[in-house]
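Coordinate inspection notes
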Amino acid sequence: MSVRTFVDFRRPTVGSGTLVVLAALYFSLASNASFWAAFRASEPGHSADAWTLGLGMFVAITALHAGLLLLVVNRWTRNVVLPILFFVTAAAAFYMDRYHVYIDRDMVANVLVTEPKEARELITPDFLLALLLHGLLPSVLVWWTRAPARGLGKGIAMHAVGIAVAFVIALGAIGLSYQSLSSLMRNEKSMRHLIAPGNWMVALVKALSERRATDAPRQIIATDARIERPAGARPRLVVIVVGETVNAAHWGLNGYARQTTPRLAALDGVNYPDVEACGTNTEVSLPCMFSTQGLHDYDRDAIRGSESLLHLLVHLGISTLWRDNQTGCKGICEGLPFESFLEANVPGHCEGNRCFDSVLLHELDAAVARMPGDAVVVLHMLGNHGPSYYARYPEAFKRFTPVCEVDELGDCERDTIVNAYDNAILYTDTVVADAVAWLEQQSAARDTALLYVSDHGESLGESGLYLHGVPRMIAPDEQLKVPMWLWLSPALREADGIDLACLREQASDPRTHDVLFSTVLGLMRVETSARVPGEDLLASCRGVRRRSPPAP
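The rules behind each value
- Residues numbered from 1 in each chain as written.
- Predicted model: local features only at pLDDT ≥ 70, side-chain atom pairs only at ≥ 80, totals over all residues.
- Heavy atoms only, no water.
- Salt bridge = Lys/Arg side-chain N within 4 Å of Asp/Glu carboxyl O.
- Helix = DSSP H or I, 4+ residues; strand = E, 2+ residues; numbered from the N terminus.
- Buried < 20%, exposed > 50% of the residue type's maximum accessible area, 1.4 Å probe, protein only.
- Axes fitted to C-alpha atoms, helices over the stretch in contact; angles between N-to-C directions.
- Parallel < 35°, antiparallel > 145°, perpendicular 65-115°, else oblique.
- Left-handed = near helix turned anticlockwise from the far one by under 90°.
- Contact = heavy atoms within 4.5 Å.
- Nonpolar A, V, L, I, M, F, W, Y, C, P; charged D, E, K, R; others polar.
- Pairing = 2+ DSSP bridges.
- pLDDT = per-residue confidence, 0-100.
- Phe/Tyr/Trp six-rings, centres within 6.5 Å; stacked < 30°, edge-to-face > 60°.
- Lys NZ or Arg CZ within 6 Å of the ring centre and 35° of its normal.
- Disulfide = S-S within 2.5 Å.
- Polar contact = N/O pair within 3.5 Å; in protein donor to acceptor, adjacent residues only side chain to side chain.
- Patch = residues over 30% accessible without salt bridge, like charges linked within 9 Å, V, L, I, M, F, W, Y side chains within 5 Å.
- Areas by Shrake-Rupley, 256 points an atom, 1.4 Å probe, with all protein chains shown as cover.

1. Here's the deal with the pattern of salt bridges
In a structure, side chains of opposite charge can pair up when their charged atoms sit close to one another. Evaluated as defined, the whole model comprises 26 salt bridges. Between Arg472 and Glu276 there is a salt bridge, and its shortest N-O distance comes to 2.1 Å. Taken together, the residues Arg472 in the loop between strand 11 (466–467) and helix 18 (477–480) and Glu276 in strand 3 (residues 270–276) connect sequence positions 196 residues apart. For Glu276, a relative accessible area of 22% puts it in the partly exposed group.

In structure tokens:
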């Protein structure tokens, strides 16, 4: 007997239906630790019938996955489809378990646009071990088996029966605990984003469908917009600095125990301590910030299908430029001037395979010189993008020590993670302050202003959460509350009669990302029904003249 014959003889013959059932059981047992932990932490998980409900969910989840897999797994596809499912599910389960992330449409959309440099930071030894154990090992077992010889008609019939049986079992399991299960899913809606592999499969379909929908022409916004510029008024230059992953609690100007914003504290700006982000990830927050809908009238499809604030400005003859040290403008600057520093290698600004955010100011003079008249520049920072907080700042900003200097946050003490995170904010403070200094130089020819706001926050181990991306309905303040800071040149304040004391009196009022749209329109003297005065940070402080205090 030849070696090949011996090997083939030892390979077990396993039908595709049996493999599917075994795979579904494996997913329920090995890939859903986050789901079962969330169930145990819920109120029904502590009830008298917790075991009954848990068993019913286990049977239902297993049966539903088996039924779905039978639709795509057969003797010809099993050696490809099942390994793909094992590997992707292993990756999803690792990040759900390690960082408590939820796999929904927004998270998958983020993954689809993740660039290689960002992805490399997430590939850690523990992640590779998870792929080996939960991706490669079960795949090898699938490849080791062989399909039985069976006629096509019989195979189709058996699959049809298997699908029917699976869904009947799932419905029966759901029916036995329907009242408790419906209550759980109604009160803990986010838990469905923890059921693997169904969570990422459904989310992937939604994300891909959405990407196809964005190919349609964008709807023009604010068609009644016009510029009301007084005679003899100087041109304006506004810089919008979009921070990345900075939470309000660690912003020095908000009263944090550490002064992480010393340079901004020394400037004549206005800090806004109570600002809520549109979402907990860039894919949601960034388009929302620059949209007419905003958070107050949030409609994902409408935002993606409409032009942005920058398009509106360009229609009015205002020049725009998006400078990016991140993963792009998410459609906000589609068709408009765009400069990326993702692959740049600028001496003094870049180390290794990344550039520090100071690169956003590199040769900005020359870029703005090509933008005569009114102009708006967006600087999209890399900021505090995790988990490699330690790589977001030069060595000179390593002030808070010791720091976590590995990408696997689970290998670090929490205080070292916080130290690295705070150092990154300290560096952001310097970059924003340098941008203000640059604007002061530009103020000889234009009225200038700067608005800094982060796109979303970040969890640093509070309640076991790390990074960001938790669904908004259950997201903690660490991921939703963001810093915002405004600077206006003296010439601009004089031209518009803006009283800084008035702005500071109102600065503590609750705000959201929605203020960006109307505030920028106000700064650029754009009148339109789309501009909401209550969301313009300057509206109620324009033309305010303070009376001098009476003489003693």
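2. With respect to the packing of helix 2 (residues 16–30) against helix 8 (residues 125–144)
It is the contact of helix 2 with helix 8, at a shortest axis distance of 12 Å, that shows an interaxial angle of 165°. The pairing of helix 2 with helix 8 is recorded here as roughly antiparallel in orientation. Our pair here, helix 2 against helix 8, has a crossing hand that is right-handed. Contacts between helix 2 and helix 8 involve Leu19, Tyr26 and Ala30 from the first element and Leu133, His134, Pro138 and Val142 from the second. Of the residues that constitute the contact of helix 2 with helix 8, the class distribution is six nonpolar, one polar and no charged.

3. Some thoughts on the sheet that holds strand 4 (residues 319–324)
Strand order across the open sheet formed by eight strands is 5-4-8-2-9-12-3-13, with mixed pairing between neighbours. What marks the edges here is a single partner per strand, and that holds for strand 5 (338–340) and strand 13 (511–512). Summarising the sheet, strand 4 and strand 5 pair through three bridges and their orientation is parallel. Following the sheet pairing, Asp324 is matched in strand 5 by Ser340. Packed onto the sheet, helix 17 (residues 414–442) meets strand 2 (236–243), strand 9 (447–454) and strand 12 (481–488) and runs at close to 165° relative to strand 9.

4. What about the confidence of the model for the protein chain?
Chain-level pLDDT for the protein chain is 90 on average; 96% of the residues reach the 70-or-more range. Scored below 50 in pLDDT, residues 545–552 shows six contacts in the model against residues more than four places distant or in partner chains.

5. Topic: the packing of aromatic side chains
This model, assessed by the stated rule, comprises 15 aromatic pairs. For the pair Phe290 and Trp322, a centre-to-centre distance of 5.7 Å together with 55° between the ring planes defines the contact as tilted. Highlighted residues: Phe290 in the loop between helix 13 (282–289) and helix 14 (300–304) and Trp322 in strand 4, separated in sequence by 32 residues. The pair formed by Phe290 and Trp322 is uniform in burial state, with each residue classed as buried. Of the aromatic side chains, those joined through ring pairs into one cluster are Phe94, Tyr95, Tyr99, Phe127 and Tyr466. Here Arg75 stacks its cationic end above the ring of Trp76, 5.9 Å away from the centre of that ring.

6. Quick word on the state of the cysteines
Throughout the structure, instances matching the rule amount to five disulfides. Each sulfur of the disulfide joining Cys278 and Cys288 lies 2.1 Å from the other. Taking the torsion about the sulfur-sulfur bond, which here is approximately -60°, the covalent link between Cys278 and Cys288 counts as left-handed. On the criterion of sequence distance, the pair formed by Cys278 in the loop between strand 3 and helix 13 and Cys288 in helix 13 is long-range, its members being ten residues apart. Each sulfur of the disulfide joining Cys329 and Cys333 lies 2.2 Å from the other. A torsion of -95° about the S-S bond marks the disulfide between Cys329 and Cys333 as left-handed. Bonded cysteines in the protein chain are paired 1-2, 3-4, 5-6, 7-8, 9-10 when counted in the order they occur along the chain.

7. Considerations on the environment of Asp97
Summarising the element assignment, Asp97 is placed in helix 5 (residues 78–99). The exposure class of Asp97 is partly exposed, given its relative accessible area of 36%. In this structure, the C-alpha to C-alpha distance between Asp97 and Thr260, residues 163 residues apart in sequence, is 31 Å. If we skip the residues at most four places from it in the chain, Asp97 touches Ala33 and Ser34.

8. Re the side chain of Thr280
Positionally, Thr280 belongs in the loop between strand 3 and helix 13. On the basis of relative accessible area, Thr280 is assigned to the buried category, the value being 4%. Within the structure, the side chain of Thr280 is placed 2.8 Å from the backbone oxygen of Val470, a separation counted as a polar contact. If we skip the residues at most four places from it in the chain, Thr280 touches Ser285, His456, His468, Gly469, Val470, Ala475, Gln479 and Leu480.

9. Regarding a nonpolar patch on the surface
Residues Leu129, Leu132, Leu133, Leu136, Val140 and Trp143 make up a contiguous nonpolar surface patch of roughly 510 Å² in combined accessible area. Tracing the sequence through the fold places Val140 in helix 8. Note on Val140: relative accessible area 40%, which makes it partly exposed.

10. Brief notes about the packing of helix 4 (residues 50–70) against helix 9 (residues 152–176)
In contact at an axis separation of 8 Å, helix 4 and helix 9 are set at 155° when each is read in the N-to-C sense. Judged on the interaxial angle alone, helix 9 and helix 4 are roughly antiparallel. Crossing hand, helix 4 versus helix 9: left-handed. Residues Gly56, Val59, Ala60, Ala63, Leu64, Ala66, Gly67, Leu68 and Leu70 of helix 4 form the contact with helix 9, whose participating residues are His159, Gly162, Ile163, Ala166, Phe167, Ile169, Ala170, Ala173 and Ile174. When grouped by side-chain class, the residues that make up the contact of helix 4 with helix 9 number 14 nonpolar, four polar and no charged.

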